[in-house]
Every structure is written in structure tokens, then in C-alpha cells.
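# Observations on chain architecture
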Amino acid sequence: MLRKLLIGTALGSGLAFAAHAQDVKEVEMLHWWTSGGEAAALNVLKEDLAKQGFAWKDVPVAGGGGDAAMTALKAMVAAGNYPTASQMLGYTVLDYAAAGVMGDLTEAAVKEGWDKSVPAALQKFSVYDGKWVAAPVNVHSVNWLWINKAVMDKIGGTEPKTFDEFIALLDKAKAAGVIPLALGGQNWQEATMFDSVVLSTGGPEFYKKAFNDLDEEQLKSDTMKKSFDNLAKLVTYVDPNFSGRDWNLATAMVIKGDALVQVMGDWAKGEFNAAKKTPGTDFLCYRFPGTDGSVVYNSDMFGMFDVPEERKAAQVALATATLSKSFQSAFNVVKGSVPARTDVPDTDFDACGKKGIADLKAANEGGTLFGSLAQGYGAPPAVANAYKDVVSKFVHGQIKTSDEAVTQLVNAIEDAK
Amino acid sequence: MTTVTTQIKLTPEHSARPGASMRSRLQDALPKIVLAPSFAITIVFVYGFILWTVYLSFTNSKTFPSYALTGPRAYQRLWRWTFESDPPSSWYTSITNMGIFGFLYIFICLALGLFLAILLDQKIRGEGVLRPIYLYPMALSFIVTGVAWKWFLDPGLGLEQTLHQWGWTSFHFDWIKNKDFVIYTVVIAGVWQASGFIMAMFLAGLRGIDGEIMKAAQIDGATTFQLYRRIVIPLLRPVFLSAFIVLAHLAIKSYDLVVALTSGGPGGSAWLPSNFMYEYTFKRNEMAVGSASAVIMLMTITAIIVPYLYSELREKPR
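Going by an unreviewed UniProt entry, chain B carries the name ABC transporter permease and comes from Mesorhizobium ventifaucium. Listed in UniProt under the heading Subcellular location (unreviewed entry), the comment for chain B reads: "Cell membrane".

As recorded by an unreviewed UniProt entry, chain A carries the name Probable sugar-binding periplasmic protein and is attributed to Mesorhizobium ventifaucium. The Function (unreviewed entry) field of the UniProt record for chain A holds the comment "Part of a binding-protein-dependent transport system for a sugar."

A separate point is the overall build of chain B. Helix and strand counts for chain B come out as 14 helices and zero strands. For chain B, the N- to C-terminal ordering of α and β elements is α-α-α-α-α-α-α-α-α-α-α-α-α-α. For 318 residues, the compact-globule estimate of 2.2 N^0.38 gives 20 Å, and the C-alpha radius of gyration of chain B, at 25 Å, exceeds that figure by more than 25%. Principal-axis analysis of the C-alpha atoms places the extent of chain B at approximately 80 × 65 × 30 Å. Burial status across chain B gives 31% buried among its 318 residues. For chain B, restricting intrachain contacts to residue pairs at least 6 apart in sequence, the fraction spanning at least 24 positions comes to 66%.

Following the UniProt record, the feature "domain: ABC transmembrane type-1" (unreviewed entry) maps to residues 95-310 of chain B here. Measuring from the first to the last C-alpha atom of residues 95-310 of chain B gives 26 Å, for a span that is 74% helix and 0% strand.

Residues and elements named next belong to chain B. We note that the domain assignment places domain 1 (2-57) and domain 2 (73-315) within chain B. Taking the mean C-alpha position of each, domain 1 and domain 2 sit 37 Å from one another. Taken residue by residue, the interface counts five residues in domain 1 and eight residues in domain 2. Class assignment for the residues of the side of domain 1 that touches domain 2 results in three nonpolar, two polar and no charged.

Our focus in this paragraph is the domain arrangement of chain A. All names here are of chain A. For chain A, the assigned domains are domain 1 (24-139 + 298-364) and domain 2 (141-297 + 367-416). The C-alpha-based centres of domain 1 and domain 2 are spaced at 27 Å. Listed as interface residues are 22 residues of domain 1 and, on the opposing side, 23 residues of domain 2. It is helix H18 (residues 351-366) that contributes the most residues to the side of domain 1 that touches domain 2, nine residues altogether. Considered class by class, the residues forming the side of domain 1 that touches domain 2 number ten nonpolar, eight polar and four charged.

All names here are of chain A. Within the largest apolar cluster, 129 residues are counted, with the highest numbers of intra-cluster contacts made by Trp146, Met304 and Tyr387. For this core, the domains that each give at least three residues are domain 1 (24-139 + 298-364) and domain 2 (141-297 + 367-416). With sequence-adjacent residues up to four places away left out, Tyr387 is seen in contact with Ala191, Leu373, Leu409, Ala412 and Ile413.

Residues and elements named next belong to chain A. Within strand E13 (residues 300-304), five of the five residues are buried, leaving the element largely enclosed by the surrounding structure. Burial of the side chains of E13 extends over both faces: Asp300, Phe302 and Met304 are buried on one face and Met301 and Gly303 on the other. Direction of pairing for strand E3 (residues 85-89) relative to E13: antiparallel, over a ladder of five bridges. Paired with Gln87 across the strands is Phe302, a residue of E13.

A word on the sheet that holds strand E11 (residues 283-287) of chain A. Residue and element names in this part refer to chain A. Taken in spatial order, the four strands line up as E9-E10-E8-E11 in an open sheet, and their pairing is mixed. Each having just a single partner strand, strand E9 (179-182) and E11 make up the two edges of the open sheet. Going from strand to strand, the sheet's axes swing by 20° on average, the running direction of each strand aside. Examined bridge by bridge, strand E8 (residues 144-148) and strand E10 (residues 259-263) share three bridges and lie antiparallel to one another. The partner of Trp146 across the bridge, within E10, is Gln262.

Residues and elements named next belong to chain A. On average, residues of chain A score 88 in pLDDT, and 93% of them are at 70 or above. Mean pLDDT values for the elements of chain A range from 43 in helix H2 (residues 13-20) up to 96 in E9. Long-range and interchain partners of residues 5-20, a stretch whose pLDDT sits below 50, account for three contacts in this model, where long-range means more than four residues apart.

Rules of the game
- Residues numbered from 1 in each chain as written.
- Chains lettered and ligands numbered in written order.
- Predicted model: local features only at pLDDT ≥ 70, side-chain atom pairs only at ≥ 80, totals over all residues.
- UniProt positions renumbered as here; feature names shortened; annotations may be inferred.
- Helix = DSSP H or I, 4+ residues; strand = E, 2+ residues; numbered from the N terminus.
- Rg over C-alpha atoms; globule rule 2.2 N^0.38 Å.
- Buried ≥ 20, exposed ≤ 12 C-beta atoms within 10 Å, placed from the backbone.
- Contact = placed C-beta atoms within 7 Å.
- Domains from an automatic or database assignment.
- Nonpolar A, V, L, I, M, F, W, Y, C, P; charged D, E, K, R; others polar.
- Core = buried A, V, L, I, M, F, W, Y, C linked by C-beta atoms within 7 Å.
- Pairing = 2+ DSSP bridges.
- Axes fitted to C-alpha atoms, helices over the stretch in contact; angles between N-to-C directions.
- pLDDT = per-residue confidence, 0-100.

Dropping the structure here:
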């Protein structure tokens, strides 16, 4: 250290500055895509960058999950040691942008035309105060049904178009002795399903007002009460052992044919793919009944931090590669989601992926693309978690009636704002 | 590093006797020099951060700490939640669970530990094998205990499923899936883990009792029950106190057990205050509320530890 200092002083500041201004050919990335298909998909990005001469460096996270990563990120940012980019979700990006630690990608965005190709609803999270601060990686949508085709054929079911038809289908499955609905009784899964129920019960306009604008009139309306009643109906079709189950175990029940259907985001498709199942022949993907034409989404983003000048080139390269059509296609085919830009060709995608891409495009144009409240894209985390509390307490019986649920929901959201 | 060096400088230099050699002065100061880093680290990272947490609980910190004091709003919210019992607020659930879990965990561990220790103390053969068997669970982390018991208690995987396969189909045990009983499964797993350790403490206490007293009592015609009730248990009082302190702090910090065993329970019904604190601080970005709940937990622990320290320190200058 001392020697370095002496040499530095001896050589003078001019040379030191010149050495400093040299670009660092490295991206430092914080993420939790470390296992299986996701890691493989991310490799595509690593190779893209390697071709341009940028080295990839993972920021190690103890514990692996998203929570641990976010805690690590908080510590890094507090210490002023920003990574080049970090995997981030929804309001986290905006929180960090409001704290003034995010970079500015607007130049690249203009050059690449992201404004036009990325859906406006997504730009709410990737653009802060007119500046591009994050590169969306994918769009997941949560209003899907995943159905085991063999079971469906056995009970002679057809695609349910309305909520009542869905209930009738579940009744058929019950009569045939299979578990009708595979659900994991964890609050985020219950709330994710409730997102779809609300959209189905109240329609797109209602969903937006209630769960994106948090309009109190809508939150305590009779439509919301009816949504809770519908949720209560659905919960009667789950097996008694559902509480606490992980989402992928619930998906496995559908894959194995123990259960007919799961209501889950399109990441469930990754499980079907891993089990070597084909859409159309082994399993079916339908929109949640009554929500066709609307998409309730969440999205993974790479938040770009305000790194020193010499690291900016690498950051821009990372963002550009992330939003390149080839990576968007390659990554999302594996991940089960759809590209975050609407002009990516759907040739490599399976039937469900093709439908997802078409739906996203239609929803984007028709103004029916909404953030999922359960996934933290409808409102900030404090509100989203208060919402999950209420839904979960309703499912598990701490809240007994839909009247009470609505009152609790209004209070909880008001309290958390 | 800066704090460490200042701390070393702060150590008093009264040992500098005139004429004493450098070596003996160093020897005098050595314990202080060795202790100084850990002392400094404790001051900063324990007591410094306690003060910081108290400060944060009076701000409106959300995702990041903010330093503008905004009054006791976080405490007011917690106070309001304390009385929201129907439907239970998360805070109400957390503190009632703490009461149930804390009482049962400490009480059952003490009772079971004492009972096992008395049985093991009967000069039985194979004690050397039995003792580590009971003690071993303490060597496991709460996470391992939690996951193992989660599988064991799961109606679809563990005990219930096995007994059904053996033909006892009417057997029904789904506490871990039941919002009203899930906290008792946490007690079961916690007791399984800690009671062996408490047994070892009692066993050490029993071995310390003078055999002459026991013999004298037997000659006086005391029954075995009387012997334990009137002589042994009163003599074990200090062990009870130490065991209580160990168990109390384990109970208050058993966050990981709840997460591994129940992942929060149905509708969050297995939360303890530590789960509440983590959820609000890191997941819900309500750092002020999280800090306030941490302060309340600290005060609870203090309420238990301070009387203990007081009684210990008072007895010393005997």
C-alpha cells in the first residue's frame, strides 16, 4: 500500500489519472439465477458479452435466494460499492432510483429503440424520471391455468371460458376422484391466484383501479366481496394437505396426474419442460377463465447502477445484450416467460410461449397489461405484503367472511401506504 | 480498524511504574491489549447498533435508513396491532405465539431435562452411551431440526402417512397444517432439540450434590420422592437459574426454527417476533416498524436478564 502510494506520488497525478480512465472490461453482476435452466439461459448472455471482450463476474450471495440477494445488495449500496447491475424486481428498482444510485442508459435506449419495443407498462419500472435505469429481461404472466391433459381427457373436460364453467370442471374432477386444484398454501401463491380471480370477477378496468391504483371505492366494493367469495369457492377444491406446500410441488402434482389444474405464473412451464412434457399433448395452458385478452404480469429486470465512468462501457454492453432479440428469445424459451420486447420473433417458442407472446402484444396495444399485486408489480412491497397477509388469512380461516376480508384489505392497504 | 486502534490507546497506562522494565510493563498491559479488539468490536457492533436501531425506530425509514426523527409512529402502530385479535394482526400473532412458545418450551425443557437427568443419575449401566444420544440434538442447527421435523410431522409424508400404511387409518395428526396448533409443533421440535442439553446441565448439578447429605436423609427415613422434593431440587436452584436463562434466550431468538419448520405457518400463524422483525425490515421495507419491534424484543430480554444479573452481582461480595 505504502509503496504504491510512493510510486503514485513519484509518477505524478497525470499518469495516474490516465491509468484510471482506462475502461474496465468486466461486468459485475448480482443475481440468483444459479440453478438448472436459469443458469444455462444466463450463460447465453455471458457468451454474448465474452464475444465483445467483457468478462463476467458474479457477486457471491450467501443463501442463494432473492431475499438474501436483496439484503446483500442493500449492504453493497450502503457501502458505496455498486455492482454493474443486479437482478431486481418491480418497486425495488424505483426505490433505488429514488435513492439516486441508479445509472442512466437513455443513450443506449434511444439508439436501440427500447421506447417503442418495450411495453409501456414495463417502462413504469425500467424508466425513472425520464431516464432508463433498468433493462427488463422477461415478462411473466400469472393468469394461467396449467392442466394435465390425460386427466382432462379422462373426465371429458373442455376449456373453461367463464368462472362458472371452471367450477363445473373442478366438480367433474372431484367426482372422478382426482384432486381438482393443486395449490401451495403459501401467502404469495394464494395471492397470485387471487390476482386472477379478481381480474376474472371484476374485469380489466376493475383490476386496474383496485390493484394498481389502489382506489378505496373499488377495494371495498361488492365486486371485491364477490372475488373473495369466488376465492373461497376455489379453496374448497384443494386437498387438505395444501398448507405450506411449495409451488413446484403443486406443479408436480399436476405433472404426475394427481391433480387436474394449477393456477400459477408461466414459470410453472419450466417444471413441465424439465419433466419432458409437451404442451398440447401432455399438458394444456389456458388463460384463467374470464381473463382472456388481459395479462397480469411481473418481470425480472437488470437494474443498472451509477458506476464510475470507466465501467460504463461494460454496463451499456450488458444492457444492450440483455435486450437484444437473440438473447430475449434464447433466454425466455428456457425460462418459460416471454420476451420483454414485443418485436421478437416467436419461432423458437412452444405453443404456450407463442400464445403468451401474442397475448402480451395484444394486451399492450389494448391497454390491458397490468402489474400483478401479489408479485409486487401493482404496489410497493409494504402494500403488496399487506395484501398477501389478508388473502392468506382469508384462505386459512383467520378471516372468516368476505365482508371482513374486504374491511381488512382496505385497512391493511391504508395502513401500509 | 480505526476504532480498534483508538481503543488500544484508550487503555489506561497506570502500570507504568518507574524503573520497571519494558518487558514487565508489556506483560502488565498484555491482557488489556489482547482484550481491546474484541471489546471495541463488541462496543461498536452490539451496543452501537442497538443504539442505532433505537434511533431508526423513531424515524420513518422505509427501504433505506432515514435520519430525520419523526416521532414514535412505529410504536403507535405496534401498540394498535397489539390489540387487534380478530382477525389477528401479524404482531398480535407474533407476541401471543411468543408467550405460548416461550412458556411451554422453557417449562417442558426444564421438566423433561430434570426427569431424564434423575433417571440417568441412578448409576445405570451404559450411561456413557445414553448421555451423548440425548445431548446430540443440541449439536444440530435449528434449520436441520426444523426440516427434519417438517417432514416427520407432514401428514402426507411422515408420521400420519406411515401409520396409515401400517393399518391405523383413523390416526390423525395435522397440527403442522393447522393455524391454531402449528405453534405447538414448533414447541415439539424445540423441546426435542434442547431438552438433552438441559439434561446434561442438571446431571452436572446432580453430580455436584454431596452424597453424605443424601445418606443422612435416607438414614432419617426419607422416601425417594421426599429426598428429591425436599433436598435435591432445592439444591439444584442455581442450575435451574442457568438453564432458564439459556432457554429464555434460545426461545426469543428461534427465528430459523419457525422458518425451516413451518415457513411462517398457514396465514402467518406461526410467526414469532423475530420473524415479524425480519419480514418488516427486509421484505416489506418498513425499517422503522421492524426496528421498533426489535427494540421491544430487546426490552423483553432485558426484563429477563437484568434481574438475573442483579441477583448474581449482589451475591458476589459475600
